[in-house]
Amino acid sequence: MGVKVVDTALRDGHQSLFATRMTTAEILEVLPDLDEAGYHALEVWGGATFDACLRFLNEDPWERLREIRKACKKTKLQMLFRGQNILGYKHYPDDIVELFVKKSIENGIDIIRVFDALNDLRNMETVIDATKRYGGHCQIAFCYTTSPIHTVEYFVEMAKKIETLGADSICIKDMSGVLLPEDAYRLVSQLKANTALPVELHSHCTAGVAHATYMKAIEAGVDIIDTALSPLSSGTSQPPTESFQYMLRGTQYDPGLNLDRLNAAAEKIKLVRDKYFASGVLNPKALMVNPLILQYQLPGGMLSNLMSQLENQGAIGRYEEVLREVPAVRADLGYPPLVTPLSQMVGTQAVMNVLTGERYKLVPEEIKDYLRGHYGASPGPIDEDFRKSIIGADKVIDYRPADDLKPQFENLKRKYQDLARTDEDVLSIALFENVAVNFLEKKYLPRKEKEIHEINLHIG
Ligand code: CO
């Protein structure tokens, strides 16, 4: 049996390269070919696609999913799900999370890949249970990162727990692209030796090492690799699908993809990519290799964010200092993986520590909430004196943060009964309230009714 392939072009590909701006029409163009190409699955939904549809494209993300499902008769559809954050940036109550899983599956998703920024499995429990209950394939991902506590043994122990939780497969999610070939070989071998779960590898080409890392992971027995069709591959995206089909063809790992179909789809996506390239939405920097991330162990997006933060403050001369401060802040916080939202939080704290000339003189509220346990458990221990120096005697919770959240769906449904026509509409509002309301008003309310609706809201 060859290695299986999941194509990420229609989710992570355009999310990594041009801010998730691909439209449903552009996606539908290539699906007939991709559906016939022989993939294990297509990653097409979740992550930032939902927000981008509502906020920038004036599109209903649920309709996009149904259209994609209609166009894909043969291939499984996969989505990325941020644990208790669903597709947003905060914790949502369990009733919203559960219904979101149910509706995702009802509207066409087969495989839900769930992860949590801190690898706190408690933040994934509701998603896992709901995915199983509604008949989806539950893939649990862990965020790969390097630190004194993130050893191969640490991830193997986590994988064993993942297996006990009832996962159908496991994914190494290397969002920064820092997994090196030899480490991948060891990690995959150990995961295969210690669990019975199929193992998938997801990495990014940012540091220039992903092709080699994939090859070593394949030699170690990885079951599935994430690649992106060539026009939406490389740089900050995944390695190119077609290249892996060529590299593995005729070997025991041959994925058996239909190159004619891949090439036909690539021809069409090239036009889309060139359009975003010409309009400047695709920045050529996103396609460049950045091995410095291996030195600093920071995601590529974080390096460019820090640079622009410092430029805005007229302090670009302190860049190196800030890069040295980031690992120190991360150590203070118990080594959180640098993935959204922790990457932004740690970066901002590092900038503040350097620019104020005194560490933790200024501390953003998000960091305080993290120290209060509101994001979940930190991977490593946090020094209690350090914690007290930042949040004083504030309560620190040691239970699952969502346990404090009350059910919300029925309230939202009542509040927006004049606007939301389906449960899916209510879920859109639950995740991105103002943005979704804006979108739904444009979708459902002709101008005159819209004015009446606004008046009613004022009276009500
Ligand atoms: Co990714």
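In this report, we go over the structure that sits alongside the text.

Rules used in this analysis
- Residues numbered from 1 in each chain as written.
- Predicted model: local features only at pLDDT ≥ 70, side-chain atom pairs only at ≥ 80, totals over all residues.
- Heavy atoms only, no water.
- Helix = DSSP H or I, 4+ residues; strand = E, 2+ residues; numbered from the N terminus.
- Contact = heavy atoms within 4.5 Å.
- Axes fitted to C-alpha atoms, helices over the stretch in contact; angles between N-to-C directions.
- Left-handed = near helix turned anticlockwise from the far one by under 90°.
- Nonpolar A, V, L, I, M, F, W, Y, C, P; charged D, E, K, R; others polar.
- Core = buried A, V, L, I, M, F, W, Y, C linked by side-chain atoms within 4.5 Å.
- Buried < 20%, exposed > 50% of the residue type's maximum accessible area, 1.4 Å probe, protein only.
- Salt bridge = Lys/Arg side-chain N within 4 Å of Asp/Glu carboxyl O.
- Pairing = 2+ DSSP bridges.
- Right-handed = clockwise from strand over helix to strand, strands pointing away.
- Donors = N, O, S within 2.8 Å, 3.2 Å for Na, K, Ca; no water.
- 1 Å grid on protein atoms, 1.4 Å probe; cavity = no way out; pocket = protein on both sides within 12 Å on 5 of 7 lines; lining within 4 Å.
- Points joined across faces, edges and corners; volume = space filled by probe spheres on them.
- Domains from an automatic or database assignment.
- Parallel < 35°, antiparallel > 145°, perpendicular 65-115°, else oblique.
- Expected span 1.5 Å × (residues − 1).
- Arc of directions from axis to C-beta.

## Some thoughts on the environment of Leu165
Then comes step 1: Here Leu165 lies in the loop between helix H7 (152–164) and strand E6 (169–173).
Then comes step 2: Measuring from C-alpha to C-alpha, the distance between Leu165 and Val222 comes to 21 Å, with 57 residues separating the pair along the chain.
Then comes step 3: The contacts of Leu165, once residues within four sequence positions are left out, are Leu121, Ile128 and Ile140.

## Considering the packing of helix H13 (residues 300–312) against helix H15 (residues 342–355)
In a pair of packed helices, the angle between the axes and the distance between the axes together describe the arrangement.
Then comes step 1: Two numbers describe how H13 lies on H15: the axes approach to 10 Å, and their chain directions differ by 35°. For the element pair H13 and H15, the recorded crossing hand is right-handed. Here H13 contributes Met302, Leu306, Gln309 and Leu310 to the contact with H15, which in turn contributes Ser343, Val346, Gly347, Thr348, Val351 and Leu355.
Then comes step 2: Residue composition of the contact of H13 with H15, grouped by class: six nonpolar, four polar and no charged.

## Some thoughts on the nonpolar core
Then comes step 1: In this structure, Phe81, Phe100 and Ile172 are the most contacted members of the largest nonpolar core, which totals 145 residues.
Then comes step 2: Examining the composition of this core, we find that seven residues originate from one element, helix H11 (residues 259–278), more than from any other.
Then comes step 3: Ignoring any residue separated from it by four or fewer positions in sequence, one finds Phe100 in contact with Trp45, Phe50, Trp62, Met79, Phe81, Ile86, Leu87, Leu427 and Leu431.

## Describing the pattern of salt bridges
Then comes step 1: The final tally for this structure, using the stated rule, is 38 salt bridges.
Then comes step 2: Between Glu106 and Lys103 there is a salt bridge whose closest N-O contact spans 3.0 Å. Highlighted residues: Glu106 and Lys103, both in helix H5 (residues 94–106), separated by three residues, approximately one helical turn.
Then comes step 3: According to the relative accessible area criterion, Glu106 is partly exposed, its value standing at 48%.
Then comes step 4: Look at Lys103 and you get buried, because its relative accessible area is 11%.
Then comes step 5: A salt bridge links Lys216 to Glu182, with the shortest nitrogen-to-oxygen separation between them at 3.8 Å.

## Thoughts on the pairing of E6
Then comes step 1: Burial within E6 is extensive, with five of its five residues counted as buried.
Then comes step 2: Burial along E6 is two-sided: the face carrying Ser169, Cys171 and Lys173 and the face carrying Ile170 and Ile172 are both buried.
Then comes step 3: As paired elements, E6 and strand E7 (residues 199–202) share four bridges and run parallel to each other. By the bridge assignment, Ile172 is partnered in E7 with Leu201.
Then comes step 4: In this fold, the crossover linking E6 to E7 by way of helix H8 (residues 181–194) has right-handed handedness.

## Topic: the coordination of the cobalt ion
Then comes step 1: Coordination sphere of the cobalt ion, protein contribution only: Asp12 (OD), His202 (NE2) and His204 (NE2), at 2.0 to 2.2 Å.
Then comes step 2: Expressed as a motif, the donor residue spacing for the cobalt ion is D-x189-H-x1-H. By the burial criterion, His202 is buried, and His204 matches it.

## Quick notes on the side chain of Asn85
Then comes step 1: Mapping Asn85 onto the fold places it in the loop between strand E3 (76–81) and H5.
Then comes step 2: Overall, Asn85 belongs to the buried group, its relative accessible area being 12%.
Then comes step 3: If we ignore the near neighbours within four places in the chain, the residues touching Asn85 are Lys90, His91 and Tyr92.

## A closer look at empty space enclosed by the protein
Over the atoms a probe the size of a water molecule is rolled, and this reveals where empty space is left.
Then comes step 1: Per the stated rule, a full pass over the model turns up two cavities of 30 Å³ or more.
Then comes step 2: Taken as a whole, the largest cavity encloses approximately 100 Å³ of empty space.
Then comes step 3: Arg82, Asn85, His91, Phe115, Asp116, Ala117, Leu118, Asn123, Thr340, Pro341, Leu342 and Tyr375 are the residues that line the largest cavity.
Then comes step 4: Within the lining of the largest cavity, the residues separate by chemical class into six nonpolar, four polar and two charged.
Then comes step 5: Both of domain 1 (4–279) and domain 2 (302–402) provide at least three residues apiece to the lining of the largest cavity.
Then comes step 6: Estimates place the volume of the second largest cavity at around 50 Å³.
Then comes step 7: For the second largest cavity, the full set of lining residues is Tyr144, Thr145, Thr146, Met175, Ser176, Val178, Gln297 and Leu338.
Then comes step 8: For the lining of the second largest cavity, the per-class residue count stands at four nonpolar, four polar and no charged.

## Re the packing of helix H2 (residues 24–35) against helix H4 (residues 61–71)
Then comes step 1: At a minimum axis separation of 9 Å, H2 and H4 run at an interaxial angle of 25°. Taken together, H2 and H4 sit at an angle that is classed as roughly parallel. For the element pair H2 and H4, the recorded crossing hand is right-handed. Counted together, Thr24, Ile27, Leu28, Leu31 and Asp35 of H2 and Arg64, Glu67, Ile68 and Ala71 of H4 form the full contact between these two elements.
Then comes step 2: Here the residues of the contact of H2 with H4 are counted per class, giving five nonpolar, one polar and three charged.

## Digging into H13
Then comes step 1: Across its 13 residues, H13 extends 19 Å between first and last C-alpha, which sits within 8% of the 18 Å expected from 1.5 Å per residue.
Then comes step 2: The complete set of buried residues in H13 reads Gly300, Met302, Leu303, Leu306 and Leu310. Burial along H13 is one-sided: seen end-on, the buried residues are contained in an arc of 165°.
Then comes step 3: In this structure, the buried residues of H13 make contact with helix H12 (292–296), helix H14 (319–332) and H15.
Then comes step 4: Gly314 occupies a position one or two residues after H13 and carries a positive phi of about 65°.

Note that every value here comes from positions in space, so none of it alone points to a role or purpose.
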